[in-house]
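Structural overview for review
Below are the chains, spelled out letter by letter.
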Amino acid sequence: MSIFEQEVREKGRIAAGAHHKKRRGRGCRLPSDCLTPGQLRRLSGPVVTYRLDGPMRCQELLALPEDLRRAYVAHLRDGFQVSARMLGRMLAVPEAEAGALMKALGVPPGTPDDEAQRRWAAFCGEEDGHAGM
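Residues numbered from 1 in each chain as written. Predicted model: local features only at pLDDT ≥ 70, side-chain atom pairs only at ≥ 80, totals over all residues. Heavy atoms only, no water.

**Regarding the nonpolar core**
Among the nonpolar cores identified, the biggest contains 22 residues, and Leu 61, Leu 76, Leu 87, Met 90, Leu 91 and Trp 120 are the most heavily contacted of them. Of all the secondary structure elements, the ones that give two or more residues to this core are helix 3 (58-63), helix 4 (66-80), helix 5 (84-91), helix 6 (95-105) and helix 7 (114-124). The element that contributes the greatest number of residues to this core is helix 5, accounting for five residues. Not counting residues up to four positions away in its chain, the partners in contact with Leu 76 are Gln 81, Val 82, Leu 87, Met 90, Trp 120 and Phe 123. (Core = buried A, V, L, I, M, F, W, Y, C linked by side-chain atoms within 4.5 Å. Buried < 20%, exposed > 50% of the residue type's maximum accessible area, 1.4 Å probe, protein only. Helix = DSSP H or I, 4+ residues; strand = E, 2+ residues; numbered from the N terminus. Contact = heavy atoms within 4.5 Å.)

**Thoughts on the environment of Thr 111**
Note that Thr 111 resides in the loop between helix 6 and helix 7. Remark: the alpha-carbon pair of Thr 111 and Ala 84, spanning 27 residues in sequence, is separated by 9.5 Å.

**Thoughts on the packing of aromatic side chains**
One pass over the structure, following the stated rule, counts three aromatic pairs. Their ring planes at 40° and their centres at 4.9 Å tell us that Phe 80 and Phe 123 sit as a pair that is tilted. On the criterion of sequence distance, the pair formed by Phe 80 in helix 4 and Phe 123 in helix 7 is long-range, its members being 43 residues apart. The residues Phe 80 and Phe 123 share a single accessibility class, namely buried. Through successive ring pairs, a cluster of aromatic residues spans Phe 80, Trp 120 and Phe 123. (Phe/Tyr/Trp six-rings, centres within 6.5 Å; stacked < 30°, edge-to-face > 60°.)

**Overview of the pattern of salt bridges**
Applying the stated criterion across every chain yields a total of six salt bridges. Glu 66 serves as the salt-bridge partner of Arg 69, at 3.7 Å between the closest nitrogen and oxygen. Residue Arg 69 and its partner Glu 66 are located together in helix 4, separated by three residues, close to a single helical turn. Taking relative accessible area as the criterion, Glu 66 reaches 36% and is therefore assigned partly exposed. In this structure, the salt-bridge partner of Arg 70 is Glu 66, at a minimum N-O distance of 3.4 Å. In this pair, Arg 70 and Glu 66 both sit in helix 4, four residues apart, roughly one turn of the helix. (Salt bridge = Lys/Arg side-chain N within 4 Å of Asp/Glu carboxyl O.)

This is the structure:
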C-alpha cells in the first residue's frame, strides 16, 4: 500500500468519525436571544413617526429633534431655494425669526427663481403663485 492510499484511508476514517460526533449547531448566541417578549418590547421603546414631506407650522418644527429640524430646513433650502421670508410665511412667524432659526440650524437662506417660487407655492398649497418672496 502506498503512502497516498494510506492518507486517503486515514482521511476517510476521520471524516466518518466526525459524522457521528455531536456538535452545537446554534452558531453565535447573543444575550438578547434569551429575553422574554415583554423585555424585548421595553428594550425597543416607542415608535415615533415624523411627517417631513409637507409644510408645517413653527410649533411642529420646534417639536422635532435638532437633527431632523436641520435636515428638514436644509431640504427646503436645497429643493426650493427657500428664503427667510418664505420660511417665515410657511411657519407663520416673522421673517426675522425664521432667519434666526435658519442661522441657528446652520442653513443659509436662498434666493429663489420663478420656477422655485412656483414649486414652493405648490408645496405650501397656495393658489396665487406668490409664496412670500
